[in-house]
Amino acid sequence: AGKGYSFDGVHRTNGVQPLWALLVAALAAVAPDPQFLVRSMVALGGLFWLAGGLLLFRLLQRLHPLGALLAGVLWLLAGLEHRFALWGMENGLHGFLLALTLLLARQVARTPVDDPARGALLQRFGVVAALLALARVEYGLLALLLGLWVVWTGRGGGAGSGLRAALRRSRPFVLPLLLLGGAWLLFSRVYF
């Protein structure tokens, strides 16, 4: 109804993360039965949490196999303990996107600046970082800082060095972040 997020149609919630809200709205459109909708939301959040744990394990496996196993187990256990995970259903999506962002950051950091595949990888990284910022809005600054750090510390020197070259190299990352974030801000302003 354009009046913000509400579970009872009267009182606003204390906040719903934008990307999760979009997924819930899509689920509600195809599954109007409230009980099925809630079960679907819980299942989807759980699947995202499991996928995030697997990505975290994959990210850390090459660094330290035992540490990766421990981190993966703790991640999965955190999904079961709401006080430790600050559990909300959107945390599964957030955890998945956080792990995916870190995995892509590692790939971009390891790709030489003059590698032709780096631009496409940076674009994917920018889209996932923007989705992370929309999954939990407080992670917007983390996504931006992580991306800029990866771009500025890129390997190789074929594309030049200095601030101007770093800004040029950062465009494939920053543009998706700005476009998705800006589109959400515009939608929120118009709709709410």
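Details of the structure are given in the entry above.
Not measured: the values here are computed from a predicted model.

Can you explain the environment of Val-128? Please cite residues and give values.
Here Val-128 is to be found in helix α6 (residues 118-135). For the pair Val-128 and Pro-176, spaced 48 residues apart in sequence, the C-alpha to C-alpha distance is 8.8 Å. Filtering out sequence-adjacent residues up to four positions away, Val-128 remains in contact with Leu-97, Leu-100, Thr-101 and Leu-104.

Please provide a residue-by-residue account of the packing of helix α2 (residues 34-61) against helix α5 (residues 90-110), values included.
In the contact formed by α2 and α5, the axes pass within 7 Å of each other and the chain directions differ by 25°. For the element pair α2 / α5, the angle class is roughly parallel. Considering the relative orientation of α2 and α5, their crossing is left-handed. Facing Gly-45, Phe-48, Trp-49, Ala-51, Gly-52, Leu-55, Leu-56, Arg-58 and Leu-59 of α2, the residues of α5 in contact are Asn-91, Gly-92, Leu-93, Gly-95, Phe-96, Ala-99, Leu-100, Leu-102, Leu-103, Arg-106 and Gln-107. Looking at the contact of α2 with α5, its residues break down into twelve nonpolar, six polar and two charged.

Account for the packing of aromatic side chains, naming residues and giving values.
Using the criterion set out here, one finds two aromatic pairs in the structure. Judged by centre distance (5.5 Å) and plane angle (45°), the ring pair of Phe-48 and Phe-96 falls under tilted. One end of the pair, Phe-48, is in helix α2; the other, Phe-96, is in helix α5, with 48 residues separating them in the sequence. Overall, Phe-48 belongs to the buried group, its relative accessible area being 18%. Each ring, one from Trp-49 and one from Trp-75, has its centre 4.8 Å from the other, and the planes form 20°; the classification is stacked. Taken as a pair, Trp-49 in helix α2 and Trp-75 in helix α3 (residues 65-78) lie far apart in primary sequence, 26 residues in all.

I'd like to hear about the side chain of His-94, residue by residue, with values.
For His-94, the position within the fold is in helix α5. For His-94, a relative accessible area of 10% puts it in the buried group. With residues near it in sequence (within four places) discarded, His-94 still touches Leu-132, Ala-135, Arg-136 and Tyr-139.

Could you give me a rundown of the packing of α5 against α6, with the residues and numbers involved?
Two quantities define a packed helix pair, namely the angle between the helix axes and the distance between the axes. Contact geometry for α5 and α6: axes closest at 9 Å, N-to-C directions at 155°. As summarised for this structure, α5 and α6 are arranged roughly antiparallel, according to the angle between their axes. As for how α5 packs across α6, the hand of that crossing is left-handed. Of α6, the residues touching α5 (which contributes Leu-93, His-94, Leu-97, Leu-98, Leu-100, Thr-101, Leu-104, Ala-105, Gln-107 and Val-108) are Arg-118, Leu-121, Leu-122, Arg-124, Phe-125, Val-128, Ala-129, Leu-131, Leu-132 and Ala-135. A class-by-class count of the residues in the contact of α5 with α6 yields 15 nonpolar, three polar and two charged.

Can you break down the environment of Leu-146 residue by residue, with the values?
Here Leu-146 is to be found in helix α7 (residues 140-152). Along the sequence, Leu-146 and Ala-105 sit 41 residues apart, while their C-alpha atoms lie 7.6 Å from each other. Residues contacting Leu-146, with those up to four places away along its chain left out, are Thr-101, Leu-102, Ala-105 and Phe-125.

Quick notes on the rules
Residues numbered from 1 in each chain as written. Predicted model: local features only at pLDDT ≥ 70, side-chain atom pairs only at ≥ 80, totals over all residues. Heavy atoms only, no water. Helix = DSSP H or I, 4+ residues; strand = E, 2+ residues; numbered from the N terminus. Contact = heavy atoms within 4.5 Å. Axes fitted to C-alpha atoms, helices over the stretch in contact; angles between N-to-C directions. Parallel < 35°, antiparallel > 145°, perpendicular 65-115°, else oblique. Left-handed = near helix turned anticlockwise from the far one by under 90°. Nonpolar A, V, L, I, M, F, W, Y, C, P; charged D, E, K, R; others polar. Phe/Tyr/Trp six-rings, centres within 6.5 Å; stacked < 30°, edge-to-face > 60°. Buried < 20%, exposed > 50% of the residue type's maximum accessible area, 1.4 Å probe, protein only.

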